[in-house]
Amino acid sequence: GSQGGTLDEYGFVVQAEYVAAYKETSLLQSERRATLREQWKVLTRELREEDRKAEELAMSTEDAVKAAGHRTRSARKVLRGPVVHGIPPEYRPYVWPLLCGVEKARHARGEHVFPGLLQRCEGRERNRELELDLDRTFPGHPLLDRESANGGAGIAALHRILNSYALYNPEVGYCQSMNFIAGILVIMDVREEDAFWMVSHVSDSLLPNHFAPPMLGAQVDNKVFKVLLAKHIPELERHLTSLGLDTAMVVSQWFLCIFCNKMPCETVCRIWDLVFCKGPQAVFQVALAIFKLCEAKLLMADDMGGAMEAIRSFEMACFNADELIETAVVDFAGVGDVGRMREEAMPEVQAEHAEYRRRTQNYQMQENIRKGKQALKGVGATLSGIGATLGHNVERAKARADKEDWIGQMKKQASSASNTATSSFSSFFNSVIAPPPQPPSD
């Protein structure tokens, strides 16, 4: 929760064990923040001037798309050096969308797209899974906590951004971890429409096929990372393999939400400054840098649990973003063409997925056959039981019929005996008891 304890500049609670490290780093950052602000004031003034000039020109949609694309490419080139030292927080709501090509997307897809989606959001088109995740997005943060003064507005903004994207791209829809990406954008005060197009950029360009089932992009990036780790930090890769630690267990979480699930917010934002400017290769550079900075502790770990704990501790305490970003861009400058590596890894992943589906379907078929046989056995047993019951009933009916037949015969015999007895008795009575006939009178 946000009540009590030390809060960082973005409203997140700093856990007690990390407060000293946070304060030390904050002091160092504040000394150069003033210089950074001056630098970015000049940079953004020039960039905004380019935007203003473009707006004054009456352009066709096609030309507007080209012009916006040019401004994004130009900004990425100009800012490639400065983003390494970080973008001051107040400039991120402008610079991040520029680096992500938001204006180009808005012109290309249509300026009516987001307002139209908002109208649909206000109707009955709701996403239940998304609604459940809203309160799980950085719980306790004052901007995303229903109980706080501004929390309701923050949660509503988060809902509109994510629900709009789910309606806009139904093939992807809403995927868990998108809420954390959108949550950071809300906390950083990025305009809702810009945040919507940034989520689209992350899903379509930065992390393609990570969010749409069957999420083959995540498997591709796991393979690419394993190749890069073996190439750049081979001793560590061999050691982790010997411990049975599959790096996919770690990096999948990092990639899906671009490192924002456990790291301090300023470090996450510094990573995003780099990633939005340099693209997917920066995601791999940062992941390699984390393993590099954890290398000594990881090599000392003698089991998987120890290795995972070393990584988790580093994430939680990573307030010194300078060291992480410098390691990423200097030590791993030569990661190569990540786009090409992804393309090369995809066929193998597709083949593995096809084999997995074949096995799953085969297993399902075998299960269905087994269940069918069990059902038939059950039917057989039921029919057998019905047969036995019918047989028993027939025997009982037969016995009843035999009994009734016997009773009938007994009745007949009794009746016959009775008639005989009556006749005999009459004769006896007549001959013995009745008076003799009188002789005829003369």
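Above this text you will find the structure in question.
Residues numbered from 1 in each chain as written. Predicted model: local features only at pLDDT ≥ 70, side-chain atom pairs only at ≥ 80, totals over all residues. Heavy atoms only, no water.

All right, on to the nonpolar core then. Counting residues in hydrophobic clusters, the biggest one holds 114 residues, and the most contacted among them are Leu-79, Trp-96, Trp-254, Phe-255, Phe-259, Trp-272 and Phe-291. Residues within four places of Phe-291 in sequence aside, it is in contact with Phe-225, Leu-229, Ile-233, Leu-236, Leu-240, Thr-247, Val-250, Val-251, Trp-254, Leu-298 and Ile-311. Membership of the second largest hydrophobic core comes to 6 residues, among which are Val-14, Tyr-22, Met-316 and Phe-319. (Core = buried A, V, L, I, M, F, W, Y, C linked by side-chain atoms within 4.5 Å. Buried < 20%, exposed > 50% of the residue type's maximum accessible area, 1.4 Å probe, protein only. Contact = heavy atoms within 4.5 Å.)

Quick look at the pattern of salt bridges now. By the definition in use, this model includes 30 salt bridges. In this structure, Glu-355 and Arg-358 form a salt bridge, with 2.7 Å as the shortest nitrogen-oxygen distance. Taken as a pair, Glu-355 and Arg-358 lie in helix α18 (residues 338-433) at a separation of 3 residues, close to a single helical turn. The exposure class assigned to Arg-358 is partly exposed, which follows from its relative accessible area of 45%. Look at the salt bridges and you will find they share partners, linking Glu-9, Arg-33, Arg-92, Glu-266 and Asp-273 into a network. (Salt bridge = Lys/Arg side-chain N within 4 Å of Asp/Glu carboxyl O. Helix = DSSP H or I, 4+ residues; strand = E, 2+ residues; numbered from the N terminus.)

Looking now at the environment of Gly-183. When you line up the elements, Gly-183 lands in helix α8 (residues 178-187). Distance in space between the C-alpha atoms of Gly-183 and Leu-162 is 9.7 Å, their sequence separation being 21 residues. With near-sequence residues (within four places) excluded, Gly-183 lies in contact with Thr-137, Phe-138, Leu-144 and Leu-158.

Tracing the chain through its elements places Ala-289 in helix α14 (residues 280-293). Along the sequence, Ala-289 and Thr-327 sit 38 residues apart, while their C-alpha atoms lie 5.6 Å from each other. If we skip the residues at most four places from it in the chain, Ala-289 touches Leu-324, Thr-327, Ala-328 and Phe-332.

Turning our attention to unusual backbone geometry. Residue Pro-213 is joined to Pro-214 through a cis peptide bond whose omega torsion reads 5 degrees. Of note, Pro-214 is situated in the loop between α9 (192-206) and α10 (216-232). Not every positive phi belongs to a glycine, and Asn-209 is a case in point at roughly 65 degrees. Looking at the element boundaries, Asn-209 is found in the loop between α9 and α10. We note that Met-215 has phi near 55 degrees; this positive angle belongs to a residue other than glycine.

What follows is about the packing of aromatic side chains. Following the criterion strictly, the structure yields 18 aromatic pairs and no others. Joined through ring pairs, the aromatic side chains of Phe-225, Trp-254, Phe-255, Phe-259, Phe-284 and Phe-291 make up one cluster. Above the face of the Tyr-94 ring, Arg-48 is positioned so that its terminal group lies 4.0 Å from the ring centre. (Phe/Tyr/Trp six-rings, centres within 6.5 Å; stacked < 30°, edge-to-face > 60°. Lys NZ or Arg CZ within 6 Å of the ring centre and 35° of its normal.)

A few words now on empty space enclosed by the protein. By the definition in use, this model includes 1 cavity of 30 Å³ or more. Taken as a whole, the largest cavity spans an internal volume of roughly 80 Å³. If you list the elements that add at least two residues to the lining of the largest cavity, you get α1 (19-56) and α13 (265-278). It is α1 that provides the largest number of residues to the lining of the largest cavity, a total of 4 residues. Residues belonging to the lining of the largest cavity are distributed by class as follows: 4 nonpolar, 3 polar and 5 charged. (1 Å grid on protein atoms, 1.4 Å probe; cavity = no way out; pocket = protein on both sides within 12 Å on 5 of 7 lines; lining within 4 Å. Points joined across faces, edges and corners; volume = space filled by probe spheres on them. Nonpolar A, V, L, I, M, F, W, Y, C, P; charged D, E, K, R; others polar.)

Coordinates in, geometry out; function isn't part of it.
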